[in-house]
Amino acid sequence: MYLFRKFGFYFAAFWAALTLNFLIPRMLPGNPVDILIGKLAQQGPIAPGTRDSLEMLLGADSSESLWSQYIGYLGGLASGDFGTSVTYFPAPVTEVIGQAIPWTLILVGASTLLAFLLGVSLGAFAGWKRGTWIDSVIPATALLQSVPYFWLALVLVYVFALNLGWFPLSGGYDVNSVSPGMSWEFISSAISYGTLPAITIVVSSVGGWLLGMRNMMVSTLSDDYVVTAEAKGLSPIRVMIAYAARNAALPSIAGFAISLGFIVAGSIITEQVFSYPGIGNAMLLAVSNNDYALMQGLFLVITIAVLVSNLLVDLFYGLIDPRTRTRN
């Protein structure tokens, strides 16, 4: 019954997300067909009947009722057809998303993992050394989290890219001399271009993990099993890692599991500042061009990632804590 309720809730949430995913782009001002016709008009005269053909291609036929468009939208999703992108016309949406997702997963995924490990480690150490100068210095670094995200990215670009020239200014790799592939030249170029955006994400997010772990560590150190372990004469390192930090990290691990779903969404501000070719940059272009199909495809992928990660966390907690099954 517990699993049935959980799957039923997430199925209802998924259906609601699909419906909103269909409605929200159509509530925005503008028409993707007009935008695409404007682009084509710059290349030459527009043939008669072009508008009708584009409306059928993009699923934006104004003569169809909203309900008919909704049924066609669900049918396209069921067959894996997300439509054609206006922004990257005539590329299909699946191709655009398939090219953008790896960049975001590698950049945001690796940066989130590094920020989590660094924040939890420093937070555990600061909590263990509570009341000392270390406990005062390490949490102070969390003040960086209050710095505006875009401002930090711009400062890093100005200092390390423009003035010092240590990192490239923008992009995902050197498009002039490197071709995408599994060659070392491409990988090293991608690492060089992704280092500065990764530093921005790590610096701006590590403080939250640090403070959360530090506070949980201080609370855990007063529990009976930690006091008993210390009374037995166990080494401080063993008590800190095997007893205190191991249990104090559980809420952070759950939060990290949930944050994995948002990795797919990428970091729109970071990708925009650095012109990084990820999901965030594609989403911003889709919104600015009223690209219904691309917006719907991106939102759908993000929705699925968030729902799946939350479902896994719910099932994980239900497995390790039977009380959650009785309460729910």
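Residues numbered from 1 in each chain as written. Predicted model: local features only at pLDDT ≥ 70, side-chain atom pairs only at ≥ 80, totals over all residues. Heavy atoms only, no water.

Re the overall build of the protein chain
We apply this condition: Secondary structure counts use DSSP, requiring at least four H or I residues in a row for a helix and at least two E residues in a row for a strand, with both numbered from the N terminus. Think of it in three bands: with a 1.4 Å probe and only protein chains considered, a residue is buried below 20% of the maximum accessible area for its type, exposed above 50%, and partly exposed in between. A 1.4 Å probe and the Shrake-Rupley method give the accessible areas. Residues count as covered only by the protein chains that appear here.
Tallying secondary structure elements over the protein chain gives 15 helices and 0 strands in all. Buried positions account for 40% of the 328 residues belonging to the protein chain. When the accessible surface of the protein chain is totalled, it reaches about 17,700 Å², and 69% of it is carbon and sulfur.

Considerations on the packing of helix H8 (residues 184–220) against helix H10 (residues 236–248)
Stated precisely, the cut-off is as follows: Only C-alpha atoms enter the line fits that serve as axes; for helices the fit covers just the stretch in contact. Angles between N-to-C directions range over 0 to 180 degrees. Here the angle decides the label: under 35 degrees means roughly parallel, over 145 means roughly antiparallel, 65 to 115 means roughly perpendicular, and every other value means oblique. Put simply, a crossing is left-handed when the front helix is turned counterclockwise from the back one by less than a right angle, and right-handed when it is turned clockwise. Any two residues whose heavy atoms approach within 4.5 Å are treated as being in contact. Asp, Glu, Lys and Arg are counted as charged, while Ala, Val, Leu, Ile, Met, Phe, Trp, Tyr, Cys and Pro are counted as nonpolar; the rest, among them Gly, fall into the polar class.
Viewed as axis vectors pointing N to C, H8 and H10 meet at an angle of 120 degrees, and their least axial separation amounts to 8 Å. On the basis of the axis angle, H8 is oblique to H10. Judged by the sense of rotation from one axis to the other, the crossing of H8 with H10 is right-handed. Residues Met213, Met216, Met217 and Thr220 of H8 form the contact with H10, whose participating residues are Met240, Tyr243, Ala244, Ala245, Asn247 and Ala248. Tallied by class, residues from the contact of H8 with H10 come to 8 nonpolar, 2 polar and no charged.

Observations regarding the nonpolar core
Worth spelling out the cut-off: Think of a nonpolar core as a cluster: buried Ala, Val, Leu, Ile, Met, Phe, Trp, Tyr and Cys residues, connected wherever their side-chain atoms sit within 4.5 Å.
Ranked by size, the top nonpolar core spans 20 residues in total, and within it Trp128, Met213 and Met217 carry the most contacts. Elements represented by at least two residues in this core include exactly helix H5 (93–128), H8, helix H9 (224–231) and H10. Other than its neighbours up to four places away in sequence, Met217 contacts Gly123, Ala124, Gly127, Trp128, Met240, Ala244, Ala245 and Ala248. Residues Val96, Ala100, Ile279 and Ile302 belong to the second largest nonpolar core, which totals 16 residues.

Describing the environment of Ser259
Relative to the assigned elements, Ser259 resides in helix H11 (residues 250–263). In this structure Ser259 comes out as buried when scored by relative accessible area, which is 18%. Residues Ser259 and Gly109, spaced 150 residues apart in sequence, show a C-alpha to C-alpha distance of 9.7 Å. With residues up to four places along the chain from it excluded, the contact list for Ser259 reads Thr112 and Trp209.

Regarding the environment of Leu74
Mapped onto the secondary structure, Leu74 falls in helix H4 (residues 66–78). You can call Leu74 partly exposed: its relative accessible area is 29%. When the C-alpha positions of Leu74 and Leu18 are compared, they lie 8.4 Å apart, and in sequence the two are 56 residues distant.

Here's the deal with the packing of aromatic side chains
The following threshold applies: Ring pairs shown here join Phe, Tyr and Trp side chains whose ring centres sit within 6.5 Å, with only the six-membered ring taken for Trp; geometry is labelled stacked below 30 degrees between planes, edge-to-face above 60, and tilted in between.
In the structure shown here, the tally under the stated rule is 3 aromatic pairs. Their ring planes at 90 degrees and their centres at 5.2 Å tell us that Phe116 and Trp209 sit as a pair that is edge-to-face. Within this pair, whereas Phe116 is found in helix H5, its partner Trp209 is found in helix H8, the two being separated by 93 residues in sequence. This pair shows no difference in class: Phe116 is buried, exactly as Trp209 is. Where Phe160 meets Trp166, the ring centres are 5.7 Å apart and the plane angle is 40 degrees; that geometry is what we call tilted.

Geometric values such as these leave the question of function open.
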